[in-house]
Amino acid sequence: MDAILAALVALMALAAAMAAVLSTLSKAAIFALLAIAPCVYRYRKRIYVIIKTLPRDLKFLWRYANGIIRSKRWGRQNTTVAELFTKRALKHPDAPCFIVVDDRTWTFREMAEKSNQVARVMQEHVGLTRGDVVCVFMPNCGEYVWTWLGMAKVGAVSALINSNLRHKPLLHCIQVAKAKAIIFSDSLAEAIADVRDQLPPELKLFQLYGTCAPGVIDFGAEMEKHPPEYPIISDKPQYKDTLLYIYTSGTTGMPKAAVLPNSKYLLVVVATVHMLGLRSSDRLYNPLPLYHTAGGLVGTGAALVDGIPSVLRAKFSVSNYWNDCIKYQCTVAQYIGEMCRYLLAQPARACDAQHRVRIMVGNGMRPAIWQQIVDRFKIPQINEIYGATEGNANIINVDNKVGAVGFLPKLIPESLHPIALVRTDEQGALVRGRDGFCIRCQPNEPGMFIGLIAQGNASREYYGYVDKSDSNKKLVRDVFRKGDAAFVSGDILVADELGYLFFRDRTGDTYKWKGENVATAEVEDALIAAVERRDCVVYGVSIPQTEGRAGMAAVADPARALQLHELARRLDHALPAYARPLFLRLMDDIEITGTFKLKKLQYQKEGFDPDVIKDPLYFRSGADFVPITTQLFNDICNGKVKL
């Protein structure tokens, strides 16, 4: 009763206040308010969303506008990465460009002179001209950057090969590039020697440092023979010329070479600098591979073009990550894939929050550990990026929304958005309406993330792969109107009411079990917590005479210390029955790519047959996991065991 009386008093007070306000207005003003009141009521939800997201959207639009203005100016001037770097080097020759951890600092002058010598050597020995391709095969180092920069000065393309590749995958990457030469460091000479007899005889081999094998040219010695002046070129490189080939990480097969022109590299530069709000006083920590987009573009572009120094580490070290940031006074730090989970798994130390890092930027941070990273390491701003090397659909979280990979601005009509979420069926195929066009997803409805293509617009152009047949597989036409086209990411995302986008799963990773769709990413998040941050992957496996695919988890447990009964209990608490893994595989180690992505395709193919797999296998039976014997395997396949 007291609550009802309080509510009545509050309503009476509100009515009195409204009456007082209305008494001060003219009849015309009162009439206008009454006229628009129904519209305000009808669109109240949309008005609320626009007001709620206005600060975010205005921040984004301001930064986007500044970046696009620069990008379009460079396009009109037909400029290249090499030209912008050269201007910066002439203006600030002694400023640090790249600082290599426990090694040396490369100034702009040194980077310019070395890259000039690289260009001259390649002109002399290979006759390198605009459009030619050279493979670069090195570990992380300053030399890596000035090598491909030298190629860029004559308009040649550098194919950046994963330094972890050996044998067939390495040979594949060299062959698909159709290169005239390959430049490799002494530490990778043995890898080249292993495939040398399968390389084209006309392919020139250059080795940087160390003793060269017969037939291999000493790259460093040849560079010393040339002056450090800018190379003489007759065919000037162009803004839209291809700058790099960057290979996909190979999680689902052989790496594919994605085409990256100067225009896209420079777009990444403006996105990095403007969307993150970088300052000239910043210093970027980059422990990521230079052969990949995150390390090779985001991690180098701000240094080469805008003079924001980058601190390079030869290889990611979980124990030295924060020590490096402190030692080199880094204010921005990069991450990718599983790195953040490895950082959290380290014992707490006093130096965890003694750094000056104000921004962490990268992709692949799991929502389950996001807030833990913020709280433990005291990071004011986390910018999660989503995108594909070969695609045109790239987004960023600009306002620290936990778990979000980006957003769709609510201030702009969705018909003007260059990206969209569209409906798919259970197999991941796009669903079309009666009019034959794709259907946009509603809030909280998972859908395929696509990027609408607009040739001539640097942020929306699609260049795809070197292999055009692979490029066409990623395209869909007649999306929202006749004649349009879009890049299909292959990833399922979901947008909430405020437009925030969250990664749900990759097409093919989602499987159906007991009539329910199971997203492996969500199961992995629960499993990681249950196995105390051990490496793990989840995938669906087929069972004969059974509809759908059952969940299976592979967990790195070399000491076989995992308590399976406790694991089952934790999974029961965290997941619905249909999403709990039915099978378990304990491994010494789970294979990971050079970009810190866990592989799962091979494990999925191997299934759960104990006669094929030598790792310990378990089946969920009641409240525990029991070992899978040959007899149990046969009983499961023959339908004798209730699933």
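Here is what the cut-offs are and how they apply
Residues numbered from 1 in each chain as written. Predicted model: local features only at pLDDT ≥ 70, side-chain atom pairs only at ≥ 80, totals over all residues. Heavy atoms only, no water. UniProt positions renumbered as here; feature names shortened; annotations may be inferred. Helix = DSSP H or I, 4+ residues; strand = E, 2+ residues; numbered from the N terminus. Rg over C-alpha atoms; globule rule 2.2 N^0.38 Å. Buried < 20%, exposed > 50% of the residue type's maximum accessible area, 1.4 Å probe, protein only. Areas by Shrake-Rupley, 256 points an atom, 1.4 Å probe, with all protein chains shown as cover. Lys, Arg positive; Asp, Glu negative; His and termini not counted. Charge placed at Lys NZ, Arg CZ, Asp CG, Glu CD. Pairing = 2+ DSSP bridges. Contact = heavy atoms within 4.5 Å. Axes fitted to C-alpha atoms, helices over the stretch in contact; angles between N-to-C directions. Parallel < 35°, antiparallel > 145°, perpendicular 65-115°, else oblique. Left-handed = near helix turned anticlockwise from the far one by under 90°. Nonpolar A, V, L, I, M, F, W, Y, C, P; charged D, E, K, R; others polar. Core = buried A, V, L, I, M, F, W, Y, C linked by side-chain atoms within 4.5 Å. Salt bridge = Lys/Arg side-chain N within 4 Å of Asp/Glu carboxyl O. Right-handed = clockwise from strand over helix to strand, strands pointing away. Phe/Tyr/Trp six-rings, centres within 6.5 Å; stacked < 30°, edge-to-face > 60°.

An unreviewed UniProt entry annotates the protein as Very long-chain fatty acid transport protein originating from Parnassius mnemosyne. UniProt annotates the protein under Sequence similarities (unreviewed entry) with the comment "Belongs to the ATP-dependent AMP-binding enzyme family."

Asker: Can you break down the overall build of the protein residue by residue, with the values?
Answerer: Check the secondary structure of the protein and you find 19 helices and 28 strands. Relative to the compact-globule value of 26 Å for 643 residues, the protein shows a C-alpha radius of gyration of 28 Å, a close match. Counting only C-alpha atoms and orienting by the principal axes, one finds that the protein spans roughly 95 × 80 × 60 Å. The burial tally for the protein puts 52% of its 643 residues in the buried class. Split by element, the accessible area of the protein, about 29100 Å² in all, is 56% carbon and sulfur. Positive and negative charge centroids in the protein, built from 78 and 65 side chains respectively, lie 7 Å apart.

Asker: Go over the sheet that holds strand β7 (residues 217-218), please, and point to the residues and values.
Answerer: Read across the open sheet, the seven strands follow the order β7-β6-β5-β3-β4-β8-β9; overall the sheet is mixed. In the strand order of this sheet, the two ends are held by β7 and β9 (257-261), each with one partner. Bridging between strand β3 (residues 133-137) and strand β4 (residues 157-160) involves four bridges; their strand directions are parallel. Within β4, the residue paired with Val134 across the bridge is Ser158. Strands β3, β5 (181-185), β6 (204-208) and β7 of the sheet are contacted by helix α5 (residues 108-126), whose axis makes an angle of about 150 degrees with β6.

Asker: Pulling in residues and values, what's your account of the packing of helix α4 (residues 81-91) against helix α6 (residues 142-153)?
Answerer: At a minimum axis distance of 8 Å, the contact between α4 and α6 shows a crossing angle of 110 degrees. As summarised for this structure, α4 and α6 are arranged roughly perpendicular, according to the angle between their axes. Where α4 crosses over α6, the two elements pack in a sense that is left-handed. Only Trp148, Leu149, Ala152 and Lys153 of α6 make contact with α4, whose side of the interface consists of Val81, Ala82, Phe85 and Thr86. Of the residues that constitute the contact of α4 with α6, the class distribution is six nonpolar, one polar and one charged.

Asker: Give a detailed account of the nonpolar core, specifying residues and quantitative values.
Answerer: Counting 79 residues, the largest nonpolar core has Met122, Trp148, Tyr265 and Leu304 as its most contacted members. Apart from the residues within four sequence positions on either side, Trp148 is in contact with Val81, Ser158, Leu160, Leu243, Leu244, Tyr265, Thr300 and Leu304. Grouped together as the second largest cluster of nonpolar side chains are 48 residues, Tyr511, Val541, Ile613 and Val641 included.

Asker: Which residues make up the pattern of salt bridges, and what values do they have?
Answerer: Under the defined criterion, the tally for this structure stands at 34 salt bridges. For the salt bridge of Lys45 with Glu497, the shortest nitrogen-to-oxygen distance reads 3.8 Å. Here the residue Lys45 occupies a position in helix α3 (residues 44-77), and Glu497 occupies one in the loop between β20 (485-495) and β21 (500-506), the gap between them amounting to 452 residues. Classification of Lys45 as exposed rests on a relative accessible area of 56%. Residue Glu497 is classed as partly exposed on the basis of its relative accessible area, which comes to 35%.

Asker: Can you break down the pairing of strand β13 (residues 359-363) residue by residue, with the values?
Answerer: The element β13 is largely enclosed, with a buried count of four among its five residues. The pairing of strand β12 (residues 332-336) with β13 spans five bridges and is parallel. Along β13, the bridge assignment pairs Val332 with Ile359. Each parallel crossover has a hand, and for β12 linked through helix α13 (residues 339-345) to β13 it is right-handed. Across four bridges, β13 lies against strand β14 (residues 381-386) in parallel orientation. Looking across to β14, one finds that Met360 is bridged to Ile382.

Asker: Let's hear about the sheet that holds β12: which residues, and what values?
Answerer: Taking strand neighbours across the sheet as the criterion, the eight strands line up as β2-β1-β11-β10-β12-β13-β14-β15 in an open arrangement whose pairing is mixed. Whereas interior strands pair on both sides, the edge strands pair on one side only; in this sheet they are β2 (105-107) and β15 (395-396). Across two bridges, the pairing between β14 and β15 is antiparallel. Bridging across to β15, Ile385 finds its partner in Ile396. Strands in contact with α5 are β1 (96-100) and β2; relative to β2, the strand with the most contacts, it is inclined by about 75 degrees.

Asker: Give a detailed account of the environment of Lys599, specifying residues and quantitative values.
Answerer: Mapped onto the elements of the fold, Lys599 is located in the loop between β26 (583-587) and α18 (601-606). With a relative accessible area of 24%, Lys599 lands in the partly exposed category. Along the backbone, Lys599 and Val537 are 62 residues apart, and their C-alpha atoms lie at a distance of 7.8 Å.

Asker: Describe the packing of α4 against helix α11 (residues 293-306), naming the residues involved and giving the relevant values.
Answerer: Two numbers describe how α4 lies on α11: the axes approach to 7 Å, and their chain directions differ by 55 degrees. Here α4 lies oblique to α11, going by the angle between them. Taken together, the residues of α11 that come into contact with α4 (itself represented by Leu84, Phe85 and Arg88) are Leu304, Val305 and Asp306.

Asker: Hey, could you go over the packing of aromatic side chains for me, with residue numbers and the actual values?
Answerer: Geometrically, a pair of aromatic rings is defined through the distance of the ring centres and the angle of the planes. This structure, assessed with the given rule, holds 15 aromatic pairs. For the pair Phe60 and Phe407, a centre-to-centre distance of 5.3 Å together with 80 degrees between the ring planes defines the contact as edge-to-face. With Phe60 in helix α3 and Phe407 in strand β16 (residues 406-407), this pair connects stretches of sequence that are 347 residues apart. In this structure, Phe60 and Phe407 share a single accessibility class: buried. Summarising the aromatic geometry, the rings of Phe316 and Tyr321 are spaced 6.2 Å apart at their centres and angled 70 degrees between planes, so their arrangement reads as edge-to-face.

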